[in-house]
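Observations on the three-dimensional arrangement
Single-letter residue listing:
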Amino acid sequence: MTRFKQYDKSDDAIISSPPSRASLTPPAVLRDLAKQCDVRFNGNEPWDIQVHHRDVYSQILTKGSLGFGESYMDGLWDCERLDELFYRIMRANIEEHLVGVGKFALIFQSLRHRFFNLQTVKRAYQVGEQHYDIGNDVFEAMLDPTMSYSCGFWQKADTLEQAQLDKLDMICKKLQLKPGEKLLEIGCGWGGLARHAAKNYGVEVLGITISQEQQKLAQQRCQGLPVEIRLTDYRDLDGQFDKIVSVGMFEHVGEKNYPIYFDTVNRLLKDDGLFLLHTIGIYKTIHRVDPWIDKYIFRNGKLPSAEQIAGVLNKRMVIEDWHNFGQDYALTLLAWWDRFEEAWPELSQKYSQRFYRMWKYYLMSCAGFFKSRQGQLWQIVLTKRDRLETYRSIR
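Because the structure is a prediction, the values reported are computed rather than measured.

**Looking at the overall build of the protein chain**
A tally of regular secondary structure across the protein chain gives 15 helices and nine strands. Within the protein chain, counting contacts between residues at least 6 apart in sequence, those at least 24 apart form 74% of the total. Carbon and sulfur atoms form 50% of the exposed surface of the protein chain, whose accessible area is close to 17,500 Å².

**Looking at the sheet that holds strand 9 (residues 375-383)**
The strand order across the open sheet built from seven strands is 5-4-3-6-7-9-8, with neighbouring strands paired in mixed fashion. The two strands at the open ends of the sheet, each matched to only one other strand, are strand 5 (227-231) and strand 8 (318-324). Within the sheet, the average angular offset between the axes of one strand and its neighbour, ignoring direction, is 15°. For strand 3 (residues 182-186) and strand 4 (residues 204-209), the ladder comprises five bridges, and the chain directions are parallel.

**Some thoughts on the environment of Val247**
Tracing the chain through its elements places Val247 in strand 6 (residues 241-247). Discounting residues that sit within four places of it in the chain, Val247 has contacts with Ser150, Ile171, Ile186, Gly187, Leu193 and His278.

**Considering the pattern of salt bridges**
Side-chain pairs of opposite charge can arise whenever the charged atoms involved come near each other. All chains considered together, the criterion is met by 21 salt bridges. A salt bridge links Lys295 to Glu70, with the nearest nitrogen and oxygen atoms 2.9 Å apart. Here Glu70 lies in helix 3 (residues 65-73) and Lys295 lies in helix 12 (residues 291-296), a separation of 225 residues in the sequence. Note on Lys295: relative accessible area 39%, which makes it partly exposed. Note that Asp294 is salt-bridged to Arg299, the shortest N-O span being 3.0 Å.

**Describing the confidence of the model for the protein chain**
Confidence in the prediction for the protein chain averages 88 pLDDT; 84% of positions are at 70 or higher. Note that pLDDT drops below 50 for residues 99-113; the model gives that stretch 31 contacts with residues more than four away or on any other chain.

**Topic: helix 13 (residues 306-313)**
Count 3.6 residues to each turn of an α-helix, and residues three or four apart come out pointing the same way. Those residues of helix 13 that sit buried are Gln308, Ile309, Val312 and Leu313. Down the axis of helix 13, the buried set is contained in an arc of 125°. They therefore lie on one face. Next to the buried residues of helix 13 lie helix 11 (258-268), strand 7 (269-282), strand 8 and strand 9. At the exit of helix 13 stands Lys315, carrying a positive phi of roughly 70°.

**Some details on helix 3**
Here helix 3 lies mainly inside the structure; nine of its nine residues are buried. The set of residues buried in helix 3 consists of Ser65, Leu66, Gly67, Phe68, Gly69, Glu70, Ser71, Tyr72 and Met73. Each element contacted by the buried residues of helix 3 is listed here: helix 2 (55-63), strand 2 (77-78), helix 4 (82-91), helix 12 and helix 15 (353-371). Positive phi shows up at Gly75, right after helix 3, with a value of about 80°.

**A word on the packing of helix 2 against helix 3**
Following both chains from N to C, one finds helix 2 and helix 3 inclined at 150°, their axes separated by 6 Å at the closest point. The orientation of helix 2 with respect to helix 3, classified from their angle, is roughly antiparallel. Contact with helix 2, carried on its side by Val56, Gln59, Ile60 and Lys63, involves Ser65, Leu66, Gly67, Phe68, Glu70 and Ser71 of helix 3 and no other residues of that element. Taken together, the residues of the contact of helix 2 with helix 3 sort by class into four nonpolar, four polar and two charged.

**Focus on the packing of helix 4 against helix 15**
A pair of packed helices can be characterised by two numbers: the angle between their axes and the separation between those axes. One can describe the packing of helix 4 onto helix 15 by two numbers: an axis separation of 7 Å at closest approach and a directional angle of 45°. Here helix 4 is positioned oblique relative to helix 15, judged by the angle of their axes. In the crossing of helix 4 with helix 15, the sense of the turn from one axis to the other is right-handed. Contact with helix 4, carried on its side by Leu82, Asp83, Glu84, Phe86, Tyr87 and Met90, involves Lys360, Tyr361, Met364, Ser365, Ala367, Gly368, Phe369 and Lys371 of helix 15 and no other residues of that element. Of the residues that constitute the contact of helix 4 with helix 15, the class distribution is eight nonpolar, two polar and four charged.

**Here we look at the packing of aromatic side chains**
Scanning all chains against the criterion turns up 36 aromatic pairs. Taking the centre distance of 4.7 Å and the plane angle of 40° together, the rings of Phe139 and Trp190 count as tilted. With Phe139 in helix 7 (residues 136-142) and Trp190 in the loop between strand 3 and helix 9 (192-201), this pair connects stretches of sequence that are 51 residues apart. On the basis of relative accessible area, Phe139 is assigned to the buried category, the value being 0%.

**Describing the pairing of strand 9**
In terms of burial, strand 9 is a largely internal element, nine of the nine residues being buried. Judged by which residues are buried, strand 9 turns out to be covered on both faces: Gly375, Leu377, Gln379, Val381 and Thr383 on one side and Gln376, Trp378, Ile380 and Leu382 on the other are all buried. Note: strand 8 against strand 9, six bridges, orientation antiparallel. For Val318, the partnering residue across the bridge sits in strand 9 and is Thr383.

Conventions adopted
Residues numbered from 1 in each chain as written. Predicted model: local features only at pLDDT ≥ 70, side-chain atom pairs only at ≥ 80, totals over all residues. Heavy atoms only, no water. Helix = DSSP H or I, 4+ residues; strand = E, 2+ residues; numbered from the N terminus. Contact = heavy atoms within 4.5 Å. Areas by Shrake-Rupley, 256 points an atom, 1.4 Å probe, with all protein chains shown as cover. Pairing = 2+ DSSP bridges. Axes fitted to C-alpha atoms, helices over the stretch in contact; angles between N-to-C directions. Salt bridge = Lys/Arg side-chain N within 4 Å of Asp/Glu carboxyl O. Buried < 20%, exposed > 50% of the residue type's maximum accessible area, 1.4 Å probe, protein only. pLDDT = per-residue confidence, 0-100. Arc of directions from axis to C-beta. Parallel < 35°, antiparallel > 145°, perpendicular 65-115°, else oblique. Nonpolar A, V, L, I, M, F, W, Y, C, P; charged D, E, K, R; others polar. Left-handed = near helix turned anticlockwise from the far one by under 90°. Phe/Tyr/Trp six-rings, centres within 6.5 Å; stacked < 30°, edge-to-face > 60°.

Written out as structure tokens, the structure is:
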């Protein structure tokens, strides 16, 4: 895994004595941007930014959101409630007001995703190597016993485990799984859904992943069940399946590959079959990703908009049901953080303090993203036109 160096307070960049309050006064442009979000530098609210070193400002002005995240990882600033900070930033759509180099960075990201295919078969494995393979111990500590690394369904649940079990069971019921059917899971994670479906619904499951660590643990967790876990890209699959499901994987497909993705599903799905797509979405079409998330968390990822999904489905598949419960993702992320922080004394024997700050920034910024409703969580049930049976969905 990548080892993260903690920001050294003895570095020449850090003055030996505590900085004066005057030296930490933000530039007017950043103060005004923060004010639009109801946020203050060195203010008294739990979502205010507490600056420890003036380099924060130059990092933000020159590198935009990447500099904002990296300066947090380096310990240059803190915030008591990061999730609330990001909720305010995203509700104000602050990126639309950026100027200078920070704005150029967003334009570059947009061009990068629009003109280059960042999710080729070769590149598809990068996110597995960088994120999913960091160590199963991190995910075992953070996730519930089902090892579900996707949004739980909190309609009736009051614990993380129950929210994930309710989500898994809702997926199986929406797919109308029956004993003896063959289920393909595109992006099977650590085998939670495959195990649940095989054990409780009697189906035969092929789960695929691009993470070696996920494959190993999923195989262990599914021993004794009719489940195969294969390390492969979805574009390399053959065969026919009664049902297909994809949970939390479409975010890694990339808009240039949406047509081949759904063409592959069409090719693999039986004419009377059902396909359930569980994916994060974004409230408007944006041809870029957050540079910090792209660099440190989900390499080459891209969130779809409803417009993009509906557009590529035109003449390909029939939308039977579209279910949004995106605000449940904020609850899920906060629950993950609680478990991660509780496990940190043990994890800290292996991972650095900079890793801890990176992980907190990741989970809390995402929680703010969903609470602001920029982020959505969709479960979409799709069929071929050949299926004539009426579909009745559930919640």
